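Descriptive analysis of the structure
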Amino acid sequence: MTTMTMAKALNSGLRKAMERDSKVVMLGEDIGRLGGVFRITDGLQKDFGEHRVMDSPLAESGIVGAAVGLAMRGYRPVVEIQFDGFVYPAFDQIVSQVAKMHRRTEGTVRMPIVIRIPFGGGIGAVEHHSESPEAYFAHTAGLRVLCPSDPQAAYATIQQAIACDDPVVYFEPKRRYWDKGEVDEGFDALDTGGSADPWRARVLQVGTDVTVACYGPMVRTCIDAARASTEASVEVIDLQSLSPLDIDTVAASVERTGRLVVVHEAAANVGLGAEIAARVTERCFYELEAPVLRVTGYDTPYPASRLEEHFLPDLDRVLDAVDRAMAY
Amino acid sequence: MTTMTMAKALNSGLRKAMERDSKVVMLGEDIGRLGGVFRITDGLQKDFGEHRVMDSPLAESGIVGAAVGLAMRGYRPVVEIQFDGFVYPAFDQIVSQVAKMHRRTEGTVRMPIVIRIPFGGGIGAVEHHSESPEAYFAHTAGLRVLCPSDPQAAYATIQQAIACDDPVVYFEPKRRYWDKGEVDEGFDALDTGGSADPWRARVLQVGTDVTVACYGPMVRTCIDAARASTEASVEVIDLQSLSPLDIDTVAASVERTGRLVVVHEAAANVGLGAEIAARVTERCFYELEAPVLRVTGYDTPYPASRLEEHFLPDLDRVLDAVDRAMAY
Amino acid sequence: MSDGSRVASAVQLLSPEGERVPHGRYEITLRDSELRELYRDMVLVRRLDTEATALQRQGELGLWASSLGQEAAQVGSARCLRPTDFAFPTYRDHGVTWSRGVQPLEILAMFRGVTNGGWDPIERGCAIYTIVIGNQALHAAGYAMGVHLDGSDDAVIAYFGDGATDEGDVNEAFVFGSVFNAPVVFFCQNNQWAISQPRERRNPGLIHERAAGFGFPGVLVDGNDILAVMAVTREALERARSGGGPTLVEAYTYRMAAHTTSDDPTRYRHAEELEIWRLRDPIERLKVFLARQGIADRHYFDQIDHEANELAVFVRDGVRAMVEPSAGSMFDHVYAESHPLLDEQRRRLRDYEASFVEELSP
Amino acid sequence: MSDGSRVASAVQLLSPEGERVPHGRYEITLRDSELRELYRDMVLVRRLDTEATALQRQGELGLWASSLGQEAAQVGSARCLRPTDFAFPTYRDHGVTWSRGVQPLEILAMFRGVTNGGWDPIERGCAIYTIVIGNQALHAAGYAMGVHLDGSDDAVIAYFGDGATDEGDVNEAFVFGSVFNAPVVFFCQNNQWAISQPRERRNPGLIHERAAGFGFPGVLVDGNDILAVMAVTREALERARSGGGPTLVEAYTYRMAAHTTSDDPTRYRHAEELEIWRLRDPIERLKVFLARQGIADRHYFDQIDHEANELAVFVRDGVRAMVEPSAGSMFDHVYAESHPLLDEQRRRLRDYEASFVEELSP
Ligand SMILES: Cc1ncc(C[n+]2csc(CCOP(=O)(O)OP(=O)(O)O)c2C)c(N)n1
Ligand SMILES: Cc1ncc(C[n+]2csc(CCOP(=O)(O)OP(=O)(O)O)c2C)c(N)n1
Ligand SMILES: [Mg+2]
Ligand SMILES: [Mg+2]
């Protein structure tokens, strides 16, 4: 076990993946000498060469479109989108090509592409640097969507995403990059039997009254809320896989607690919270003692940074929802 | 009252809007001499000139990006995206610029842009010509999303969308283009007091046992199902406005019926059905006698056309869901 | 009106009248048997195309995008590829897929609607038709980057139309191809039309002139002259293989049919234009040349016509006999490994459809 | 290393040593007072920039993108605009916004995070800074299409960087500008870097050469020579106004600071490069010229420095005093007319935040 930041854990996981498989190549803006604006690829170009860690032109559709071609040639491209708000120019390639190519070719062509996206707010940034666009990708059949919440999960799931034969949109909670945690670098991330399955949600805190489902940047917030909760015993579930959703784990919890709060930074309307609410309500109709409540960003553009504390769900808003759920 | 197809009603509504306001201009691929691949703009270039009905280059980001500039110059651009599957190259301009410009400029710049998109399946087309991408836009704050279901609604709402000072993504149910209906061309669509409010859902069929909420191409299917239903009395609501959603009308209905089925062609996962289910469940928690059920396309890419009848919700699948709701 | 007068500056080795014309820079020498093969390819592709159009009229295909008139550009360029090279065609490039060994029924399957694909791209060295305009140009650039990484001397060719050059993706593909010095040939068939939009009205300047601004050469070639197309494409492929990076080839040709079977070109173009281009027909041109040079005789031409008719019968029967996909196949290959929520949808659909069968059975 | 040697072919009217040099094609005559004004603008913009960088270090701004070294390109081009013209700047174009009359504190507001905008674009004839690379090039093309429809002789200028030319949007803007013959000048500041990516390594060919392939002229200008920038931009704007369509101007300049205050350029570029460019400083160059020509004297320069210091104080105080936006303002102007679901969210937030105030009050 080593204590390290999530940024370092991702870097270390990427390095492992490159060592393991020479077909893993990286493409992205400023990921080479600079190591990416968040330094997640720091040192990788130096150690693996300019051929495997490629600084790309400033063109996101190009980055993803080129990754499609690289995948057809047998590579496993890991691309970096510099910030959440800059993935949209690549949306067409992602939705029309990356997501559908395997199905279109009746399984003959695989798209083992990982699209890494530092995402979410809370870092005091200017516009387009704090978005949470995960719902767009979760709605898109053919994609998988992962989102780690701590260094150990980041270390493991980035390797699993790269080893996965499906395309994975990999959301990195950028405001947690510098949070530290224990990482077991000896651990073989590709031995996915058991607890290391990236497609399963994780019960991080056991409770009896209310289940709180969350992911990425909100996990720490929700754990803090659970610990701070005096009135109710809160169970915290880190969804981790946003597509496919591990509804079984959430439903099993709700069957015990009877209450569910879903928390995310993204806007509420047609977001992941809605899907989880709809599915869990269908599964646990008779067990639910309160409607599923959502604590989310508002249905507005992400605000100027001086307002983001009001926009982002925080400990108090989570507790408020827990209270409201308990009040039913 | 005149009997006409939805295609003709749209054409007539567009013409009215152009006559009313000389700032209304159109931009799109093949919309001029050809009148668009669906002939929705038929004759408009001839009558209003090449300056007001502009054949655009083959570049969707360009079409929408240019519309942003035209709007800044005081125009009201109505752009046509040739098919649903070709809106994605414009996604960045729509999400990052069209949706956010008004908020960004603190209300000083308006984006009265209408993005017309013929959408949905059921026409036996090749890939990318049968998509239902409305969830992406409904999730995006700053946009409004409309979807007419019959000629009269099309005639009215296209004019209302153009008169609206907010950007409107306007989904035209292409497989209903040739369905006929009565249209009152004398009717002043901009007098939105009362029944003509485009942002309100419409109760098209009154019933007592189950509410079915749907929109666009599914409305006819659901009305047919309601009429065919022998076991249950089905109320059919045409949502019409997909963003913002008129939850009041749906909730008022569910308070009476106690059951809700949402129907759309788009994939289920993180779709509009999820949002409606989540909101209505929150609003009508004690009134609901069954969980909200969804009848939707599957979480797969839209299939090859010979399979689309299996993919698309039809009368039987709607009735099956009504039965399942009744069985609770 | 697009009368092709600008083709004057294009590389040409065979005049519209079927005469060999010298060119200062480009030459090509082909064996007689090769020349006959090219003729055969073009005739068969045209027959395939005509038959497909007929099948669409009869309701057997949902749609068809005709390659009529573009056979020389397509067959000529694709025939320059090695088996291990890779081609990225559009929906119209039947002469390309044909030349890559994609089977006729594989080509038609998508248009019938039994699949969105039709063949194994890796096996054929040829991607599935790309419908979203311009997307495949980037795939080609990326694939070529991979070839480069492999240290292989394979080459890649990306096909797209004149209209496609408007799209951001095609221009980004030029950037990627150039920056990574990728072994890719960008092959643009300027067939004068993008549905109803005439090329000439839309952008001053010819398409191949765009290459210079991205840092690689561009060439204009008479796209109805199969010899010139081959000479130019060969050189571009050689440049790619030998580390010289991309080339943009503009093949000046003409879409002789409607955009697709859904289109009605009488709404936007003059019949006379078509007449002018008929005189430049790529097949007729080669045929006259072969006949004059004594490379092929009437017997040979008759034999090919006969073969073409057999192909038409084969295609007609084959399309009608195509196996309908099963409903459940929608769920296949959405992911390399399926997941529980999707499995549940598949199961539900199966149970649901089975319930009807039960109801119907006595 | 980018040593600027390619600038040799660029239009230049003022040498790095501050000497007027003749140019066969471009000339400009300015009144002494105008020349002094240009100097003043550049000095004030630089002081604004330096102060903003300092304010960011002190935590008063969230971020700052420095315009250091690009003052001549920005001020020179924007000063050619008429009040009714329209400019579309990037996040770095403080010399442009300054010249359009955007107030210093309006420029800084976004970087402080009190707004995502800062000024009324219509009033200033200048769009809000566009952060998504390349988007604004299309807005400019579209706006110019509108100008054209109006029958007005206004002109439009779109600013973007060298890196931005990789993006599809910029290339599509070239297409739209060209096809609609729109009165737009595409003004590319090639400052040699796109964050850590050096221009020279990335794309062979110079940027202005791209214009020809889209059917309009491209010009390379010494971007650190404000006279040359003005001469070239004026002509391009005139062409636009008189129906001549777009021009692509490549202003060859240098980003002397880090990409933004978040960046650490020591990771990717040599200090020597900066030294070379310091000798080409656009402000020094004009200063020497003014002094040598007797257009301005030390007294004038001192006075401007004094004004610059006052500006710094004004900006420092003004930034610190900026009013914090209220939480509820998030919901303003999301729509021209709000809707019930959003109103409900706003109300809930208000009630929720009020509940804390209540809890806290005795
Ligand atoms: C992104 C996108 N936009 C629009 C379309 C609809 N569309 C299909 S073909 C076509 C014209 C293509 O013209 P060109 O590139 O010249 O190719 P051609 O059809 O002439 O071979 C259009 C607009 C599409 N397929 N993809
Ligand atoms: C679409 C998009 N992708 C990535 C970024 C992140 N980014 C901000 S500035 C920049 C480099 C821009 O370089 P250039 O166009 O040369 O302008 P400069 O910063 O040098 O003025 C990048 C990659 C962005 N803002 N938008
Ligand atoms: Mg064409
Ligand atoms: Mg730059």
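Residues numbered from 1 in each chain as written. Chains lettered and ligands numbered in written order. Predicted model: local features only at pLDDT ≥ 70, side-chain atom pairs only at ≥ 80, totals over all residues. Heavy atoms only, no water.

Structural notes on the coordination of the magnesium ion (ligand 4)
Residue and element names in this part refer to chain D. For the magnesium ion (ligand 4), the full set of protein donor atoms is Asp162 (OD), Asn191 (OD1) and Trp193 (O), at a range of 2.1 Å. Motif for the magnesium ion (ligand 4), donor spacing along one chain: D-x28-N-x1-W. In this pair, aspartate 162 sits in the loop between strand 2 (156-161) and helix 7 (168-179) while asparagine 191 sits in the loop between strand 3 (184-190) and strand 4 (193-194), placing the two residues 29 residues apart along the sequence. According to the relative accessible area criterion, asparagine 191 is buried, its value standing at 4%. (Donors = N, O, S within 2.8 Å, 3.2 Å for Na, K, Ca; no water. Helix = DSSP H or I, 4+ residues; strand = E, 2+ residues; numbered from the N terminus. Buried < 20%, exposed > 50% of the residue type's maximum accessible area, 1.4 Å probe, protein only.)

Considering the relation of the copies chain A and chain B
Once turned by 180 degrees and shifted 0.0 Å along the axis, chain A lies on chain B with an RMSD of 0.0 Å. A rotation of that kind, with that shift, is consistent with a two-fold axis. Taken together, the interface assignments show that 98% of the residues at the interface of chain A recur at the interface of chain B, consistent with an identical surface on both copies. (Least-squares fit on C-alpha atoms with pLDDT ≥ 70 in both. Contact = heavy atoms within 4.5 Å.)

Regarding the sheet that holds strand 3 of chain D
Two modes of strand pairing occur in sheets, parallel and antiparallel, and in both the strands are linked by backbone hydrogen bonds. Residue and element names in this part refer to chain D. Here we have five strands laid out as an open sheet, ordered 1-2-3-7-6, and parallel in their pairing. Strands with a single pairing partner mark the edges of an open sheet, and in this sheet they are strand 1 (86-88) and strand 6 (218-222). Adjacent strand axes in the sheet meet at a mean angle of 20 degrees, parallel and antiparallel pairs treated alike. As defined by bridge partners, strand 2 adjoins strand 3 across six bridges and the pair is classed as parallel. Bridge pairing in strand 3 places isoleucine 157 opposite valine 185. Seen against the sheet, helix 10 (residues 226-241) touches strand 2, strand 3, strand 6 and strand 7 (247-252) and runs at an angle of roughly 155 degrees to strand 6. (Pairing = 2+ DSSP bridges. Axes fitted to C-alpha atoms, helices over the stretch in contact; angles between N-to-C directions.)

Notes on the site of ligand 2
Within the structure, ligand 2 sits among 20 residues, and Glu60 of chain A together with Tyr91, Arg92, Asp162 and Trp193 of chain D are positioned closest to it. At the site occupied by ligand 2, nearby residues are drawn from chains A and D. Isoleucine 133 of chain D places a polar main-chain atom, nitrogen or oxygen, 3.1 Å from a nitrogen atom of ligand 2. Between ligand 2 and glycine 163 of chain D, the relevant distance is 2.8 Å, taken from an oxygen atom to a main-chain nitrogen or oxygen of the residue. In the complex, 96% of the free accessible area of ligand 2, which totals 580 Å², lies under the protein chains. (Near = heavy atom within 4 Å. Polar contact = N/O pair within 3.5 Å; in protein donor to acceptor, adjacent residues only side chain to side chain. Areas by Shrake-Rupley, 256 points an atom, 1.4 Å probe, with all protein chains shown as cover.)

Concerning the domain arrangement of chain A
Residues and elements named next belong to chain A. Segmentation of chain A into domains returns domain 1 (2-183) and domain 2 (202-327). Facing 26 residues of domain 1, the contacting portion of domain 2 comprises 23 residues. Interface area, domain 1 with domain 2, both sides summed: about 1900 Å², of which 51% is carbon and sulfur. Looking at the side of domain 1 facing domain 2, the largest losses of area belong to Cys147, Arg175 and Arg176, adding up to 24% of the total buried there. The interface formed by domain 1 and domain 2 includes three salt bridges. Ionic pairing is found between aspartate 179 and arginine 220, a salt bridge with its closest N-O pair at 2.6 Å. In this structure, the connection of domain 1 to domain 2 is made through 15 residue pairs in polar contact (both at pLDDT 80 or more). Only helix 6 (134-138), strand 6 (144-146) and helix 7 (151-163) provide two or more residues apiece to the side of domain 1 that touches domain 2. (Domains from an automatic or database assignment. Buried area = accessible area lost by both parts, 1.4 Å probe. Salt bridge = Lys/Arg side-chain N within 4 Å of Asp/Glu carboxyl O.)

A few points about the packing of helix 1 (residues 32-57) of chain D against helix 2 (residues 71-78) of chain D
Residue and element names in this part refer to chain D. Where helix 1 meets helix 2, the closest approach of the two axes is 10 Å, and the angle between their N-to-C directions is 130 degrees. Taken together, the axes of helix 1 and helix 2 lie oblique to each other. When you trace helix 1 past helix 2, the crossing you get is right-handed. Each of Leu38, Asp41, Met42, Val45 and Arg46 in helix 1 lies in contact with helix 2, whose residues at this interface are Glu71, Ala72 and Val75. Of the residues that constitute the contact of helix 1 with helix 2, the class distribution is five nonpolar, no polar and three charged. (Parallel < 35°, antiparallel > 145°, perpendicular 65-115°, else oblique. Left-handed = near helix turned anticlockwise from the far one by under 90°. Nonpolar A, V, L, I, M, F, W, Y, C, P; charged D, E, K, R; others polar.)

Re the packing of aromatic side chains
Overall, the coordinates contain 78 aromatic pairs over all chains when judged by the stated rule. On the basis of an interplanar angle of 75 degrees and a centroid distance of 6.1 Å, the ring pair of tyrosine 298 of chain B and phenylalanine 311 of chain B is categorised as edge-to-face. Within this pair, whereas tyrosine 298 of chain B is found in the loop between strand 14 (293-297) and helix 11 (308-311), its partner phenylalanine 311 of chain B is found in helix 11, the two being separated by 13 residues in sequence. Sitting over the ring of tryptophan 199 of chain A, arginine 144 of chain A keeps its end group 4.5 Å from the ring centre. When the ring centre of phenylalanine 301 of chain D is taken as reference, the NZ or CZ atom of lysine 287 of chain D above it lies at 5.0 Å. (Phe/Tyr/Trp six-rings, centres within 6.5 Å; stacked < 30°, edge-to-face > 60°. Lys NZ or Arg CZ within 6 Å of the ring centre and 35° of its normal.)

Description of the interface of chain B and chain C
Chain B puts 37 residues into the contact, and the matching count from chain C is 42 residues. Taken over both partners, the interface formed by chain B and chain C buries close to 3300 Å², and the fraction arising from carbon and sulfur atoms is 57%. If you look at where chain B meets chain C, you find 14 residue pairs in polar contact (both at pLDDT 80 or more). For the side of chain B that touches chain C, the elements supplying multiple residues, two or more each, are helix 11 and helix 12 (315-326) of chain B. The dominant element in the side of chain B that touches chain C, judged by the number of residues it contributes, is helix 12 of chain B, at four residues. Taken together, the residues of the side of chain B that touches chain C sort by class into 16 nonpolar, seven polar and 14 charged.

Description of the interface of chain A and chain B
On the chain B side, the residues contacting the 49 residues of chain A number 48 residues. Carbon and sulfur atoms make up 60% of the area that chain A and chain B hide from each other, which totals about 4200 Å². By the criterion of area lost to chain B, the three top residues of chain A are Tyr136, His139 and Val270 of chain A, representing 17% of everything that side buries. Applying the counting rule to chain A against chain B returns eight salt bridges. Between arginine 279 of chain A and aspartate 299 of chain B there is a salt bridge whose closest N-O contact spans 3.9 Å. The interface formed by chain A and chain B holds 18 residue pairs in polar contact (both at pLDDT 80 or more) in total. Listing elements by their share of the side of chain A that touches chain B, those giving two or more residues are helix 4 (91-98), helix 5 (101-104), helix 6, strand 13 (260-267), helix 10 (272-283) and strand 14 (293-297) of chain A. At eight residues, the largest contribution of residues to the side of chain A that touches chain B is made by helix 10 of chain A. Class assignment for the residues of the side of chain A that touches chain B results in 26 nonpolar, eleven polar and twelve charged.

Points about the side chain of arginine 285 of chain C
Residue and element names in this part refer to chain C. Looking at the secondary structure, you find arginine 285 in helix 12 (residues 282-292). The class for arginine 285 is buried, based on a relative accessible area of 1%. Sequence-distant contacts of arginine 285, that is, excluding residues within four places in its chain, are made with Gln12, Leu14, Ser15, Pro16, Gly18, Asp222, Asn224, Asp225 and Arg280.

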